[in-house]
Amino acid sequence: MATLIQSTSQSTNAMTTLISATYALQRQKIAVERTLYARSAEESQLAARWASAWHKLVQRKLDQDLAARMPARADFGGFLINPPSRVLH
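Residues numbered from 1 in each chain as written. Predicted model: local features only at pLDDT ≥ 70, side-chain atom pairs only at ≥ 80, totals over all residues. Heavy atoms only, no water.

(A) Molecular detail of the overall build of the protein. Within the protein, the regular secondary structure consists of two helices and zero strands. In the protein, of all internal contacts separated by at least 6 residues, the share reaching a separation of at least 24 is 62%. (Helix = DSSP H or I, 4+ residues; strand = E, 2+ residues; numbered from the N terminus. Contact = heavy atoms within 4.5 Å.)

Right, dumping it as structure tokens:
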């Protein structure tokens with residue numbers, strides 16, 4: 001029973017993380033559009049900073065989701081190699 005509750009909790013947390021990543025990705029898209037259609041260099045630079053900040057947030061949320069899905073290994077005794085992350089290009 002406890003395993004089922006823990007699994008459901010992890011599923012809910014992963015879904016929440018992906019939903020917030022989706023929101024951040026939409027905001028990043030808007031910031032990129034503002035960068036492209038800016039009327040001045042200053043406006044373009046500001047929008048580019050916002051796009052960069054949203055990009056970092058999206059990447060962090062995807063990394064959190066990946067970490068939540070990785071099973072914990074209690075019997076591990078070797079070298080620790082970081083799992084590949086989902087990288088946006």
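(B) Highlighting the environment of glutamine 45. Position of glutamine 45 among the secondary structure elements: in helix α2 (residues 41-69). Through-space distance from the C-alpha of glutamine 45 to that of threonine 35 is 7.2 Å; in sequence the pair is 10 residues apart.

(C) Up close: a nonpolar patch on the surface. Residues Val32, Leu36 and Tyr37 make up a contiguous nonpolar surface patch of about 360 Å² in total accessible area. Summarising the element assignment, valine 32 is placed in helix α1 (residues 2-36). We classify valine 32 as partly exposed; its relative accessible area is 36%. (Patch = residues over 30% accessible without salt bridge, like charges linked within 9 Å, V, L, I, M, F, W, Y side chains within 5 Å. Areas by Shrake-Rupley, 256 points an atom, 1.4 Å probe, with all protein chains shown as cover. Salt bridge = Lys/Arg side-chain N within 4 Å of Asp/Glu carboxyl O. Buried < 20%, exposed > 50% of the residue type's maximum accessible area, 1.4 Å probe, protein only.)

(D) Summary view of α2. Spanning 29 residues, α2 covers 42 Å between terminal C-alpha atoms, matching the ideal 42 Å at 1.5 Å per step. Residues of α2 that are buried: Ala47, Ala51, Trp54, Val58, Gln59, Leu62, Asp65 and Leu66. (Expected span 1.5 Å × (residues − 1).)

(E) Spatial organisation of the nonpolar core. In terms of nonpolar packing, the biggest core is built from seven residues, these being Ala21, Ala24, Ala31, Ala51, Trp54, Val58 and Leu62. For this core, the secondary structure elements donating two or more residues are α1 and α2. Leave out the neighbours within four places in its chain, and alanine 21 touches Val58, Lys61 and Leu62. (Core = buried A, V, L, I, M, F, W, Y, C linked by side-chain atoms within 4.5 Å.)

Keep in mind these values describe shape, not function.
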